[in-house]
Amino acid sequence: MLGIEGIVRKLVGSHSDREIKKLRPLVARINELEPAMQARTDDELKAFTPEARQRIENGESLDDLLPEAYAVVREVGRRTLGMRHFDVQLIGGIVLHRGNVAEMKTGEGKTLVATLPVYLNALTGKGVHVVTVNDYLASRDADWMGKIYNFLGLSVGKILSADRDQRSKQRAYAADITYGTNNEFGFDYLRDNMKFSADEFVQRGHHFAILDEVDSILIDEARTPLIISGPANVDVERYYVIDSVVPMLQADIDYIVDEKARSVTLTDAGVDRIEEKLGVDNLYDQHNMEILHHVMQALKAHTIFKRDRDYVVQGGKVIIVDEHTGRLMHGRRWSDGLHQAVEAKEKLKVEPESQTYATITFQNYFRMYEKLSGMTGTAETEKEEFRNIYNLDVLVIPTNKPVIRVDHHDIVYKTQSEKFRAVMAELEELHAKGQPVLVGTTSVEKSEIVSRLLRHKGIPHEVLNARNHSREAEIVAQAGRKGQITISTNMAGRGTDIKLGGDPEGLARMEADPETDPEGYAAALERQKARCEAERQEVLALGGLHILGTERHESRRIDNQLRGRSGRQGDPGSSRFYLS
């Protein structure tokens, strides 16, 4: 049965359909300019940038320049990258320029779409920030799309978390276009606020930002505070003392854990036992409040925070795993003594607690921009939040080719062992057939369980999780090859393009470095292109990439991101989730 809303949508189209219909005449104007742009020489195309800047000074608006600017970028993209913007990508570019959120299905080329509004808005000279969720994507996109901007005479800077040099950061922000991660933009703003003179500032204002994976930054991590802190003088010995007492407590007798709320409470029996072990008269006396606080944090560390799910231990340090992206968050620490409690639990050196010098949330930071827009594969479900909090409208951009991926129903098992037996049976069958599979897991620990089971059966595979993220580009380049099995945490969910038959550029880069050996790289690229194309046809015949989810994530959007790795640009594909 169609509801009232469904009937109205059938008659007049959805909000997105109606808005996109209004943009069609503008797309037609850009298309009319294409033959003239193709006839221009390289130098004539390059001359458009100074000419456009002059026209802006003379009072023309960016909207007046839009059709020509977009037609120029489309032609330059064709010449420098061999990629021509489709009509739906032009629509996405217009939506972004107008300060809205463009929901584009995975594989529709969001990175290329961004070049249109970025170029147009960079003509003002006030700087455009392109924000991604990790260093790998920021660096990849800046180098890849930089060819278009450099051809047109614009400068490109990138801000990576490893770069701490003030001068190079100032240069990156002074560029016409700056690529970087949300964390780095936020921290640079905080650091600027702690400086004594304006000459030392690295940022130069907040004019226009395009957020890639906007739902991850503005919704999932909206309330995550960025904090700059320094050491506070606290005795770390008490963490070890309290940590030695907690393992003596018994679950359900001395304390009760609420897994869903991620909280733990002491029972009266537990309070008595702790008072006895620590030699304290009354744990709830106002003088003992700090001890009570540390006891609760130690309990949390032991019962709620699990190694290889919430954090990993590397080089004698506890490193947090980001629950949304599955990546390691180097340099980040939990506050209120929780990090110290985890260090004590893992029998590591406890670092002293710190005090906050400056803090801001992503929500407050990104609302400072004069104009904000974003793109993602999954935003429609959160359109109310985008509208109410950020005043951003969400428009769903149609795909260039229809999605023909088959999403099978979930299969639910009574126990985890039955579920993993079924997962193994399907993986064996698909591996024998030669169909590539991406196995999605929700934690480092689960990804290693699946890996262990596959090793036991002697099936070759790759694991992409927070422990070996340094090989990410290499693993993703091969994930679409025939018979390839790739196990991943939600790291592979965002921004990674899995090409069926393999990625010739990534594979050629493993044979020869394009920087030091350009001839060897060119020869390897030709070889790999032919091999990947032949293998692509085989993989297409087998049904494309299959997505196998070993459990559902708390956020439906993250499941959709995983599904979206398959069936890109009209390719066949399939997906199925196993639950227990």
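Attention in this report is confined to the structure presented alongside it. Just so we're clear, the structure is a prediction, and the values are computed from it rather than from any experiment.

Focus on the packing of helix α6 (residues 62-80) against helix α8 (residues 110-122)
Moving on, step 1. The N-to-C vectors of α6 and α8 enclose an angle of 130 degrees; their axes lie 9 Å apart at closest approach. With respect to α8, the element α6 is oriented oblique. In this structure, α6 meets α8 at a crossing whose hand is right-handed. On α8, the residues touching Leu62, Leu65, Leu66, Ala69, Tyr70 and Val73 of α6 are Thr115, Leu116, Pro117, Tyr119, Leu120 and Asn121.
Moving on, step 2. Partitioning the contact of α6 with α8 into residue classes produces 10 nonpolar, 2 polar and no charged.

Some thoughts on the pattern of salt bridges
Moving on, step 1. Applying the stated criterion across every chain, the model contains 43 salt bridges.
Moving on, step 2. Where Arg53 meets Asp176, a salt bridge forms, and the shortest distance between an N and an O atom there is 3.1 Å. With Arg53 in helix α5 (residues 48-57) and Asp176 in the loop between α10 (166-174) and β4 (177-181), this residue pair connects regions lying 123 residues apart in the sequence.
Moving on, step 3. Relative accessible area serves as the criterion here: at 12%, Asp176 is assigned to the buried category.
Moving on, step 4. A single salt-bridge network, built from bridges that share partners, covers Arg164, Lys169, Glu184, Asp188 and Arg191.

Regarding the environment of Phe48
Moving on, step 1. The residue Phe48 is located in helix α5 in this model.
Moving on, step 2. Look at Phe48 and you get buried, because its relative accessible area is 0%.
Moving on, step 3. Linking Phe48 and Glu276, residues 228 residues apart in sequence, is a C-alpha distance of 79 Å.
Moving on, step 4. Dropping the residues within four chain positions of it, Phe48 is found in contact with Arg40, Arg55, Leu65, Glu68, Ala69, Val72 and Tyr119.

Some remarks on the pairing of strand β3 (residues 156-159)
Moving on, step 1. Here β3 shows a buried face lined by Gly157 and Ile159 and an unburied face lined by Val156 and Lys158.
Moving on, step 2. Bridging between β3 and β4 involves 4 bridges; their strand directions are parallel. Counted as the bridge partner of Gly157 is Thr178 from β4.
Moving on, step 3. Read from β3 through α10 to β4, the crossover connection turns out right-handed.

What to know about the packing of aromatic side chains
Any two aromatic rings considered together are summarised by their centre-to-centre distance and by the angle between their planes.
Moving on, step 1. Evaluation of the coordinates by the stated rule reveals 9 aromatic pairs.
Moving on, step 2. Relative to Phe366, the ring of Tyr365 lies with its centre 5.0 Å away and its plane at 75 degrees, an arrangement referred to as edge-to-face. One exposure class covers both Tyr365 and Phe366, and it is buried.
Moving on, step 3. Note on Phe366 and Tyr369: the rings are 5.9 Å apart at their centroids and 20 degrees apart in plane angle, and the pair reads as stacked.

What counts, and at which threshold
Residues numbered from 1 in each chain as written. Predicted model: local features only at pLDDT ≥ 70, side-chain atom pairs only at ≥ 80, totals over all residues. Heavy atoms only, no water. Axes fitted to C-alpha atoms, helices over the stretch in contact; angles between N-to-C directions. Helix = DSSP H or I, 4+ residues; strand = E, 2+ residues; numbered from the N terminus. Parallel < 35°, antiparallel > 145°, perpendicular 65-115°, else oblique. Left-handed = near helix turned anticlockwise from the far one by under 90°. Contact = heavy atoms within 4.5 Å. Nonpolar A, V, L, I, M, F, W, Y, C, P; charged D, E, K, R; others polar. Salt bridge = Lys/Arg side-chain N within 4 Å of Asp/Glu carboxyl O. Buried < 20%, exposed > 50% of the residue type's maximum accessible area, 1.4 Å probe, protein only. Pairing = 2+ DSSP bridges. Right-handed = clockwise from strand over helix to strand, strands pointing away. Phe/Tyr/Trp six-rings, centres within 6.5 Å; stacked < 30°, edge-to-face > 60°.

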